[in-house]
Amino acid sequence: MSLRGFFEPESIVVIGASRSPGKIGYEILRIMVENRERGSYKGKIYAVNPRSDEMILNVPTYKSVLDIPDVPELAIIVTPAPNTPQALEECGRKGIRNAVVISGGFAEVGGEGVKLQNMLDEIRRRYGIRVIGPNCVGVISPSTGVDTLFLPIDKEIRGNSYISSPRPKPGSVALITQSGAFGVACLDYMYGEDIGLSKFVSYGNKLDVDEVDVIEYLKDDPMTRVILVYAESIEKGREFLELAREVTREKPIVVLKAGRTSAGARAASSHTAAIAGSDSIYDAAFRQAGVIRVMDMEELFDAAKALSMQPPAEGERIAILTDGGGVGVMAADETEAVGLRLAEFSDSTKEKLKELQRANVIPPIAALGNPIDLTGSATDDSFVGAMEAILEDPGVHGVVVLALHHVPGVTWELPRKLAEVVKRYKKPVVAMDVGSSQYAVEFRKMFEREGIPAYPEPERAVKAMKALVHYGLVRRYRGASP
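- In the nomenclature of an unreviewed UniProt entry, the protein chain corresponds to CoA-binding protein from the organism Candidatus Korarchaeum cryptofilum.

Below, the structure is given as structure tokens:
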């Protein structure tokens, strides 16, 4: 059964809606109402509160979902765990076929919680209900205005309002997470890094819908170019591998697998009732499936940014172009450390670089090996000329440009000028500029406005290039079209 109803519902009911600000049932309803008011959500909204049938936030409210004259397409359930089986039972009797169970207190707590989760499983099977959760924060679909997160966007400190739980702008990166808290932290990170979101799914205890189901849906989602997965366990291992092999022909899958150690595995078990497995088995399986595995949140989104903005590399030979020798050395070290290779320039490329040097486009003191160090005498024209020469080299599969903005000859126009060159080639380029000054931050944003991902450290830029190389190799191996 398709998951469309979770992302494109024509009507939604919040079961367990509250009229008290700060309560989960109030916040979810308020966010959906605000989305409808601003026009991002265009469907109907209903509320269920067993103790009152008075309007909440001007939304029609009923004591039972059975009393609603319409059949909502999606139910968001935020009732206490002991009451949740009855709420899901009434959804089934009403004919609702999609439910997000936000409520916790199920298998993750053991004992009675396991029994309650088993009851939910029996009910959803009997009625054919697709369920996301329990113990999750649910779904965000920016393009349709669906947002089941109960976390307020703004919170106060000493009477002043601050952005607390921001939603990223619409974009092409999908995020699937077993942990709701980690997922929310990721959304905050994406907002800060200006990475656009296509879909967000927190599936918690995965009573029914899991990462395999969601990836199957995202495979054909035209808004999604990159799929990110945070997982503590993957029970459907064979199905995941088969699906990943198919999906990675067209879209990269990047996985952050937690619970790598025995301590982490124990924590995962108590968090979302995850079943631990051998990390070495996961590692080998991901490689076989063409999945890009990362080890922390920073690497996860560095890869996402690169994969959503640049084409995959057709090989592993990389050129480094910089105006700072030290960062060039650091990038060269990282290139070897992550399994990439520094390209050996062709005789033709070497001659082009020397011609640029003789014409004083490239400084006479520049080092023309790989890395190319344009030195502190570099100008915008130096970078542009060198970039064009190395991108024309068939032995170069990608370029890491470490453009330190501090030198006097480099201006704010460099990102645009380099982008004009890069767009003529089907080779990935990533950029870096060190610093936290206002200029450094804005300089990196200028690169990204031109479609070139930019990072504050050379090692991060190289790891981002590694993701582009990895995905390029996967596509070639899978026989994907260029």
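A few points about unusual backbone geometry
Negative phi characterises most residues that are not glycine, and trans characterises most peptide bonds.
Phase 1 of the analysis: Cis geometry is adopted by the peptide bond preceding Pro134, which originates at Gly133 and carries an omega value of -5 degrees.
Phase 2 of the analysis: The residue Pro134 is located in the loop between strand 6 (130–132) and strand 7 (138–141) in this model.
Phase 3 of the analysis: Of note, the bond from Asn370 into Pro371 is cis; its omega dihedral lies within 30 degrees of zero at 15 degrees.
Phase 4 of the analysis: Residue position: Pro371 is located in the loop between helix 12 (347–358) and strand 18 (372–373).
Phase 5 of the analysis: Even without being a glycine, Asn58 presents a positive backbone phi close to 65 degrees.
Phase 6 of the analysis: Mapped onto the fold, Asn58 is located in the loop between strand 2 (44–48) and strand 3 (61–62).

What about the sheet that holds strand 8 (residues 146–147)?
Phase 1 of the analysis: Taking strand neighbours across the sheet as the criterion, the seven strands line up as 8-7-12-11-13-14-15 in an open arrangement whose pairing is mixed. Both edges of this open sheet fall to strand 8 and strand 15 (292–294), since each of them pairs with a single strand only.
Phase 2 of the analysis: Where strand 7 and strand 8 come together, two bridges link them in antiparallel fashion. Note that in strand 8 the partner of Ser141 across the bridge is Val146.

A closer look at the packing of aromatic side chains
For any two aromatic rings, the description comes down to two numbers: the centre-to-centre distance and the angle of the planes.
Phase 1 of the analysis: For the coordinates displayed, the defined rule picks out eight aromatic pairs.
Phase 2 of the analysis: With a centroid separation of 6.4 Å and an interplanar angle of 55 degrees, the aromatic rings of Tyr46 and Tyr62 are classed as tilted. Of this pair, Tyr46 sits in strand 2 while Tyr62 sits in strand 3, and the two are 16 residues apart along the sequence.
Phase 3 of the analysis: When the ring of Phe182 is compared with that of Tyr230, the centres are 4.3 Å apart and the planes differ by 25 degrees; the resulting orientation is stacked. Of this pair, Phe182 sits in helix 5 (residues 180–193) while Tyr230 is found in strand 13 (residues 226–231), placing the two residues 48 residues apart along the sequence. Neither residue differs from the other here; Phe182 and Tyr230 are each classed as buried.

Let's talk about the pairing of strand 14 (residues 253–257)
Phase 1 of the analysis: The element strand 14 is extensively covered by neighbouring structure, given that five of its five residues are classed as buried.
Phase 2 of the analysis: Side chains of strand 14 alternate between two faces, with Ile253, Val255 and Lys257 and Val254 and Leu256 buried alike.
Phase 3 of the analysis: Here strand 13 runs beside strand 14; their pairing, made up of five bridges, is parallel. Counterpart to Tyr230 in the pairing with strand 14 is Leu256.
Phase 4 of the analysis: Considered for its hand, the β-α-β crossover made up of strand 13, helix 7 (residues 237–247) and strand 14 is right-handed.
Phase 5 of the analysis: As paired strands, strand 14 and strand 15 are joined by three bridges and run parallel to one another. What sits directly across from Val254, in strand 15, is Ile292.

Here's the deal with the pairing of strand 13
Phase 1 of the analysis: Of all the six residues making up strand 13, six are buried; the element is thus mostly covered by neighbouring parts of the structure.
Phase 2 of the analysis: The side-chain alternation of strand 13 yields two buried faces, one formed by Val226, Leu228 and Tyr230 and the other by Ile227, Val229 and Ala231.
Phase 3 of the analysis: Judged from the five bridges that link them, strand 11 (residues 170–177) and strand 13 form a sheet pairing that is parallel. Within strand 13, the position partnered with Leu175 by the bridge is Leu228.

What counts, and at which threshold
- Per-chain numbering applies: the sequence of each chain, read as written, is numbered from 1 onward.
- Predicted model: local features are reported for residues with pLDDT of at least 70 only, side-chain atom pairs are reported and counted for 80 or more only, and whole-chain, interface and lining totals are derived from all residues.
- The basis for every side-chain value is the complete set of non-hydrogen atoms in the structure, without hydrogens or water.
- Helix and strand definitions follow DSSP, with helices as H or I runs of at least four residues and strands as E runs of at least two, each counted in order from the N terminus.
- DSSP-based pairing: two strands are paired if at least 2 bridges between them are found.
- By convention, a stacked pair of Phe, Tyr or Trp rings (six-membered ring in the case of Trp) has centres within 6.5 Å and planes under 30 degrees apart, an edge-to-face pair has planes over 60 apart, and any other such pair is tilted.
- Note on exposure labels: buried denotes an accessible area under 20% of the residue type's maximum, exposed denotes more than 50%, and partly exposed covers the range between, all computed with a 1.4 Å probe on protein chains only.
- Handedness of a crossover is defined as follows: with both strands directed away from the viewer, a clockwise route from the first strand across the helix to the second makes it right-handed.

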